[in-house]
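Geometric and topological summary
In case you want the letters, here they are:
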Amino acid sequence: MSRRRRHALSPEAFAALVQRAIADLPPAYARLMETIAVVVEDEPSRQVLDDLELDSADDLLGLYQGHSLADESFFQAGGTAPAQISIYRGPILRQCDSEDEIVQEVYDTVVHELGHHVGLDDDEMPY
């Protein structure tokens, strides 16, 4: 079994990749991102892993939190937090063998989490 090496990509450089992925989205999808807070974190918290019943941080590359557009309603209570996408740097770096793979995985993860925003389940995702 080969062990993947961790790439030395600074948090700032990784955040720039996330920003680039968002900028590279088709215009209709980029507009959807205007209402979503996007945060880059080094690792998912233990609480997030426990809530999702995951044993390893490597099993979670990103997370969408919020109501999907399919679930939004005029009758929703005010004061709810805006939708948020978290992108996890550590798991993505550990999963990828090259910088090109990192760039592609960041883009795929952003698209995947945006899919949750529009109401898609994991099995309906293009990635």
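Refer to the preceding data block for the structure.
Here we summarise the structure given alongside this text.

Conventions adopted
Residues numbered from 1 in each chain as written. Predicted model: local features only at pLDDT ≥ 70, side-chain atom pairs only at ≥ 80, totals over all residues. Heavy atoms only, no water. Helix = DSSP H or I, 4+ residues; strand = E, 2+ residues; numbered from the N terminus. Buried < 20%, exposed > 50% of the residue type's maximum accessible area, 1.4 Å probe, protein only. Expected span 1.5 Å × (residues − 1). Contact = heavy atoms within 4.5 Å. Arc of directions from axis to C-beta. Pairing = 2+ DSSP bridges. Core = buried A, V, L, I, M, F, W, Y, C linked by side-chain atoms within 4.5 Å.

Our focus in this paragraph is unusual backbone geometry. At glutamate 53, a residue that is not glycine, the phi angle is positive and equals roughly 60°. Take glutamate 53: it is sitting in the loop between helix 3 (46–51) and strand 2 (62–65). When its relative accessible area of 72% is taken as the criterion, glutamate 53 is described as exposed.

Another point: helix 5 (residues 99–117). Helix length check: helix 5, at 19 residues, gives a terminal C-alpha distance of 27 Å against a target of 27 Å (1.5 Å per residue), a fit within 8%. Inspection of helix 5 places Ile102, Val106, Asp108, Thr109, Val110, Val111, His112, Glu113, Leu114, Gly115 and His117 among the buried residues, and these make up the whole buried set. On its buried face, helix 5 is in contact with helix 1 (11–23), helix 2 (27–33), strand 2, strand 3 (84–88) and helix 4 (89–95).

For helix 1, which comprises 13 residues, the first-to-last C-alpha distance of 18 Å matches the rise-based estimate of 18 Å (1.5 Å per residue) to within 8%. Within helix 1, the full set of buried residues consists of Phe14, Leu17, Val18 and Ala21. Summarising the axial view, the buried residues of helix 1 lie within an arc of 100°, below the 170-degree limit, and thus occupy one face. Turned more than 90 degrees off the buried face of helix 1, the exposed positions are Glu12, Gln19 and Ala23. Check the buried side of helix 1 and you find it contacts strand 1 (37–41), strand 3, helix 4 and helix 5.

Quick look at the pairing of strand 3 now. Here strand 3 lies mainly inside the structure; four of its five residues are buried. In this structure, strand 1 lies alongside strand 3, joined through five bridges in parallel fashion. In the strand pairing of strand 3, alanine 37 is matched with glutamine 84. As paired elements, strand 2 and strand 3 share four bridges and run antiparallel to each other. For glycine 62, the partnering residue across the bridge sits in strand 3 and is isoleucine 87.

In this structure, Phe14, Met33, Ile87, Ile92, Ile102, Val106 and Val110 are the most contacted members of the largest nonpolar core, which totals 21 residues. Listed by contribution, the elements that provide at least two residues to this core are helix 1, strand 3, helix 4 and helix 5. Element by element, the count of residues in this core is highest for helix 5, at five residues. Those residues in contact with methionine 33, other than ones at most four positions away along the chain, are Ile22, Leu25, Val38, Ile85, Val110 and Leu114. Of all hydrophobic cores here, the second largest spans six residues; its members include Leu49, Ala57, Leu63 and Tyr88.

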